[in-house]
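Results of the structural survey
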Amino acid sequence: MNLNVRLQSEQSATDDLPLVLIHGLFGSLDNLGILARDLKQYRRLVQLDVRNHGLSPRSTEMSYALMAQDVLETLDGLGIDRFGVIGHSMGGKIAMMLTALAPERVDKLVVIDMAPVAYPTRHHDEIFAALQAVTEAGITSRSAAATLMRQTLTEEGVIQFLLKSFHEGEWRFNVPVLYQCYDRLIGWQPQPAWPHPALFIRGDRSPYLADEYRDTLLAQFPQARAWVVAGAGHWVHAEKPDAVLRAIRRFFVL
């Protein structure tokens with residue numbers, strides 16, 4: 001499956017290996033824009049919408065193997081063989097799966113606030129309920145959608161994030177399929193060890209990269225390094241972009 005992409009670079013960018021940026025659940029290629037605006041001066045960038053998100057094709061199937069294969073096919077179409085990859089949340093798991101499917105093609109890996117584990121807790125059921133309520137009400141304006149969503153969701157930042165993908169009464173992510181495949185998306189199957197440079201960035205207020213996952217993470221990524229950002233949660237790159245960018249630039253030697 002070829003995905004919707006945005007290519008970015010500046011004249012000052014070198015012809016070094018491009019960086020692929022992969023967003024998380026309910027997102028789009030715009031979500032890592034705060035990183036892209038800085039990194040495009042150093043490397044060519046490929047931002048993409050994963051399947052069932054943004055303007056990429058829809059499918060009834062969702063798995064990390066399929067989503068990683070989508071990325072590889074898209075890069076093949078762009079003539080890109082080797083690349084670095086940065087993924088947030090679900091996008092981090094897609095990025096990790098790329099190291100299993102095409103270990104020789106990935107130069108370096110950056111994962112933002114995600115571990116290679118199956119999470120036991122469903123964190124998004126209230127979000128699904130809010131999204132479905134908007135659809136069932138036939139709402140077409142963002143302001144009306146926000147009002148209805150506040151009956152279920154308490155975090156205004158989450159509401160505004162979701163509404164970025166609300167256009168003319170339609171969600172630009174495939175809500176029924178995401179709900180149907182949700183257990184698969186919070187799950188994970190152990191993959192072969194990838195003995196190459198990897199950086200895991202964690203917000204210290206987020207549970208997604210808890211210390212209890214350290215041994216499992218190192219079993220799959222024995223060269224992994226950690227970067228903990230104080231005062232940040234799961235959306236660490238949006239909350240503390242300067243700290244995240246410093247870590248990424250140092251890691252890729254930009």
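Values in this document were obtained by computation on a predicted structure and should not be read as measured data.

So, about the nonpolar core. Ranked by internal contacts, the top residues of the largest apolar core, which has 67 residues, are Ile22, Phe26, Met149, Leu162 and Trp171. Beyond its immediate sequence surroundings of up to four residues, Phe26 is in contact with His53, His124, Ile127, Phe128, Leu131, Phe161, Leu162, Ser165, Phe173 and Leu178. The next biggest cluster of nonpolar side chains, apart from the first, holds 22 residues, and it includes Leu21, Leu39, Leu199 and Ile248.

Relative to the assigned elements, Asp38 resides in helix 1 (residues 33-39). Asp38 sits in the buried class, given a relative accessible area of 16%. In terms of polar contacts, Asp38 uses its side chain to reach the side chain of Arg249, at 2.9 Å. Sequence-distant contacts of Asp38, that is, excluding residues within four places in its chain, are made with Leu245 and Arg249.

Side chains Leu19 and Leu21 of strand 2 (residues 19-22) all project onto a buried face; the interleaved residues Val20 and Ile22 project onto the opposite face, where all are buried too. Inspection of the sheet shows strand 2 paired to strand 3 (residues 45-48) by four bridges, in the parallel sense. From the neighbouring strand, Val20 faces strand 3, where its bridge partner is Val46. In the classification by handedness, the crossover that spans strand 2, the intervening helix 1 and the parallel strand 3 is right-handed.

Attention shifts here to the packing of aromatic side chains. For any pair of aromatic rings, the description rests on two quantities: the centre-to-centre distance and the angle between the ring planes. What the rule picks out here adds up to 13 aromatic pairs. Geometrically, the ring pair formed by Phe251 and Phe252 is edge-to-face, given 5.2 Å between the ring centres and 70 degrees between the ring planes. The class of Phe252 is buried, set by a relative accessible area of 3%. Linked through ring pairs, Phe26, Phe128, Phe166, Trp171, Phe173, Tyr179 and Tyr182 together constitute an aromatic cluster.

Looking now at unusual backbone geometry. Even without glycine at this site, Asn52 takes up a positive phi of about 65 degrees. Structurally, Asn52 can be placed in the loop between strand 3 and helix 2 (64-77). On the basis of relative accessibility, which here comes to 0%, the residue Asn52 falls in the buried class. Residue Glu168 is not a glycine yet carries a positive backbone phi of 50 degrees. Mapped onto the fold, Glu168 is located in the loop between strand 6 (166-167) and strand 7 (170-171).

A few words on the pairing of strand 5 (residues 106-112). For strand 5, the buried fraction is high: six of the seven residues fall into the buried class. Taking the sense of rotation as the criterion, the β-α-β connection linking strand 4 (residues 83-88), helix 3 (residues 90-101) and strand 5 turns out right-handed. Relative to strand 8 (residues 198-203), strand 5 runs parallel, the two being bridged by four bridges. Paired with Val110 across the strands is Leu199, a residue of strand 8.

Before going further, it helps to spend a moment on the packing of helix 2 against helix 3. Where helix 2 meets helix 3, the axes come as close as 8 Å, and the angle between the chain directions of the two elements is 75 degrees. One element, helix 2, and the other, helix 3, form an angle in the roughly perpendicular class. Here helix 2 contributes Tyr64, Ala65, Met67, Ala68, Gln69, Val71 and Leu72 to the contact with helix 3, which in turn contributes Met90, Lys93, Ile94, Met97, Leu98 and Leu101. Of the residues assigned to the contact of helix 2 with helix 3, the class counts are 11 nonpolar, one polar and one charged.

Cut-offs and rules
- Residues numbered from 1 in each chain as written.
- Predicted model: local features only at pLDDT ≥ 70, side-chain atom pairs only at ≥ 80, totals over all residues.
- Heavy atoms only, no water.
- Core = buried A, V, L, I, M, F, W, Y, C linked by side-chain atoms within 4.5 Å.
- Buried < 20%, exposed > 50% of the residue type's maximum accessible area, 1.4 Å probe, protein only.
- Contact = heavy atoms within 4.5 Å.
- Helix = DSSP H or I, 4+ residues; strand = E, 2+ residues; numbered from the N terminus.
- Polar contact = N/O pair within 3.5 Å; in protein donor to acceptor, adjacent residues only side chain to side chain.
- Pairing = 2+ DSSP bridges.
- Right-handed = clockwise from strand over helix to strand, strands pointing away.
- Phe/Tyr/Trp six-rings, centres within 6.5 Å; stacked < 30°, edge-to-face > 60°.
- Axes fitted to C-alpha atoms, helices over the stretch in contact; angles between N-to-C directions.
- Parallel < 35°, antiparallel > 145°, perpendicular 65-115°, else oblique.
- Nonpolar A, V, L, I, M, F, W, Y, C, P; charged D, E, K, R; others polar.

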